[in-house]
Each structure stands twice: as C-alpha cells, then as structure tokens.
Amino acid sequence: MRGLINYRLSCCANTVLQMLAATWELHQLLSRWRCTGAACSTSNVPHQLRLCLEAMCRGNSQSAHLDLLRCLDRNHIELGVQQDAHNLLLRLLSLLRQQLDDQALALGIQDLYKTSVETRLRCQECSSVKTLSSFLLTLPLSIREDDDTVDDCLRAFLQQQHLTGQNQCFCIQCERKTPTEKVLRLLSLPPILCLHLQRFRIRRGFTRKLDGQVSFPETLDLSAVLDGVSHPTLLQIPCRYALFAVAVHCGTAVFGHYTAFVLDQNQRWFYIDDSRVQQVSWRDVQSSYGGRGSRTAYMLMYRRCQSHQQPPTSG
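Predicted model, so just to flag it, every value in this text is computed and none were measured.

Reading the values: rules and limits
Every chain begins its residue count from 1, and numbering advances along the sequence as written. Confidence filtering applies because this is a predicted model: local features only for residues at pLDDT of at least 70, side-chain atom pairs given and counted only at 80 or more, and all residues used for totals across whole chains, interfaces and linings. Note that the side-chain values use all heavy atoms of the structure and ignore hydrogens as well as water. Each residue is placed in one exposure class: buried if its accessible area under a 1.4 Å probe, protein chains only, is under 20% of its type's maximum, exposed if it is over 50%, and partly exposed if it falls in between. The helix and strand labels rest on DSSP assignments: H or I over at least four residues marks a helix, E over at least two residues marks a strand, and numbering proceeds from the N terminus. Any pair of residues with heavy atoms lying within 4.5 Å of one another is described as a contacting pair. Put simply, the grid is 1 Å and covers the protein atoms alone, a cavity is a trapped set of points that fit a 1.4 Å probe, a pocket is an open set with protein on both sides within 12 Å along at least five of seven lines, and lining residues have an atom within 4 Å of a point. Grid points are joined across faces, edges and corners, and a volume is the space filled by probe spheres set on the points. To qualify as a nonpolar core, a set must consist of buried Ala, Val, Leu, Ile, Met, Phe, Trp, Tyr and Cys residues joined through side-chain atoms within 4.5 Å. A pair of Phe, Tyr and Trp rings is counted when the ring centres sit within 6.5 Å of each other, with Trp represented by its six-membered ring. The angle between the planes then sorts it: under 30 degrees is stacked, over 60 is edge-to-face, the rest tilted. Two conditions define a charge sitting above a ring: the NZ of Lys or the CZ of Arg must be within 6 Å of the ring centre, and it must be within 35 degrees of the ring normal.

**As for helix 4 (residues 66-74)**
Taken residue by residue, helix 4 has Leu66, Leu68, Leu69, Cys71 and Leu72 as its buried positions. Close packing links the buried residues of helix 4 with helix 1 (11-21), helix 3 (45-58) and helix 5 (85-99). Within two residues after helix 4, histidine 76 carries a phi angle of roughly 70°, on the positive side.

This is the structure:
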C-alpha cells in the first residue's frame, strides 16, 4: 500500500486514485487495452491512468500520479483547484468512456459501475404513465440532519415520491405540468456498487455540510431493501456486497480535505492521508460514520460477493 504526495491540492485525486487502485477489476480491464498511436499520448486519460495504477501496485513511488494529474489538467480538471471527490470520479469515468479507442472495453469499464434504473411517472390528474430507462454510475443517497443508516438511505432513495409545485412533470395527455407520482425501480446492479452520501446542501446560495452520523456495514445485503421495489430477476442473483474503500471528507464545505480507508487483498484496512499510510482496524473505519467535528464518509465502494467469497473479517 503506497501513499501519494499532495501535489497542488491533489488530496481529492489522491483519494479517488486509492479507491480505483483497490478495484482490481478495473486493472484487469485496462491491462487488456493495447494502446497505439495517438492514444499513447500525455493527454490520454486511459493511458495515463493505467500507467499510474500499475506504478501504484508496484509501490515504488509516491509520485506515481504526477503524469496523470498533468493529464487531467490538460483535460480541464485543473491542478491547484480543490475538486469534489464524487464529481472527479464521474469525470474520470466519462473521460475513460470518451478516450478509449476500444469501445467494447470502454463499455466493460462502464458496466463495472452501471446500475440500470426504470422510472415510472404517473400523472395524478389523468393517470397516464410514462416509463423511462436510464442508468447510474453511482447511487446518490440523501441523508438526514441527524443519525442515519445506509439501509435507510437506500430505502428513501427507492421510496415513491409525489412531485408537486416546481417539481411537477409535463404530461403529454394534459399538455401541461401536473402533480406526478414517481416510482424508481432497479433493473440491475453492478459488480462495483458506489454509494454517494450527499453531505453537501445548497440553501439560499450557500453550501453547507451535513455532519450527521451515517452508519454503514462491512457487508451490505440488499435483498430486504430491494424486495418489492426491484425487477423480480434482480433478486435471483447475489445482492450481497463487501465494503472495500471509503472516501472520507474532513472539515467544512468551505475548507476541507480528503482521505481514504482502503481494504487490501489480505483483508487488512489501511488509512491513507496523501503520502501517509497506516494499518487500522474496522473500528477505525467506523469512526468515519460522522458526527460534528469529525471526519465523515462521503463515498462508499462495495464489491459484489460471489458464492465462493467470504465476507471481510472485522479487525
């Protein structure tokens, strides 16, 4: 496990890279790519990301990410500007999709994180129904001001909503915006499930951070959460996930710092703060549940458990 120096406010990128370095499925896919010609340039994100992850796995340098950071800067993810970890992850995945010249491989990387979703919108005046299909690369979970759990956040995410006022949807039959019933249904789950805890809220032009506790398990079983709100075939495949990486935000919405908890291949947890790395216990990971003045989990990465896999043991 190798840390990365903080180069021009790169703590956010460092944290996201540590999470990606722990995603061996991504390494396997990128290793299949045969980079040729212009794709092997200093401005190509897939090429530079692969080189960076390979160097991080070898563990021989805390500067393994510098060429990638400069590459991201050329792709309008600026150095010297504090980024948001969730936005940075999505932008990285988007650049991989755009710049890989192997479309099958690009889709394979997208499928690692892809959750297929069906949205049903029912007009509450004429009862007409509109069905939309889409996908998400992360699940955005709203959290409460006080204590919460990931299970409750997921249930709230899938809960039926009544859209009124400014949130009304346009009804083709009524030819105007009307009160709408919105129902979200999951059609498929990905091998890598990334949960985004939405800790930042904008109100009256100001951004503030919610420090309330959000507890999360080492092993997440979605069967009970998805029962009745997902496609029937979804519950026929494993819905059990094991946590392997946590992006942590320390500080306030105005001034903050990113670190990470990462599980290695030997099922040992490490806390990584830029170049500083230390082995920790599961109890230390739980310290990122939140609470005023403490470090708070911001993104959680879970890996689907296969039948032959065992859940991680608590340290």
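**Quick notes on the layout of surface pockets**
Of the pockets and cavities examined, the second largest pocket occupies roughly 350 Å³. Lining the second largest pocket are 21 residues, with Gln82, Gln83, His249, Ala253 and Tyr258 sitting closest to its centre. Counting residues per element, the ones that place at least two in the lining of the second largest pocket are helix 5, strand 9 (192-198) and strand 15 (256-263). With three residues, strand 15 is the single largest residue contributor to the lining of the second largest pocket.

**A look at the nonpolar core**
Counting 95 residues, the largest nonpolar core has Leu195, Phe216 and Leu300 as the members making the most contacts within it. At eight residues, the largest contribution of residues to this core is made by strand 14 (residues 240-251). Residues within four places of leucine 195 in sequence aside, it is in contact with Leu139, Leu141, Val150, Leu154, Leu220, Tyr298, Met299, Leu300 and Tyr302.

**Quick notes on the packing of aromatic side chains**
Scanning the model with the defined rule gives six aromatic pairs in all. On the numbers, 6.1 Å between centres and 35° between planes, the contact of tryptophan 269 with tryptophan 282 is tilted. Residue tryptophan 269 is located in strand 16 (residues 269-273), and its partner tryptophan 282 is located in helix 9 (residues 282-286); the two are separated by 13 residues in the primary sequence. The pair tryptophan 269 / tryptophan 282 is uniform in exposure class, with both members buried. Put simply, the rings of Phe216, Trp269, Trp282 and Tyr289 pair up and form one aromatic cluster. One residue, lysine 114, lies across the ring of phenylalanine 135, its end atom 5.0 Å from the ring centre.

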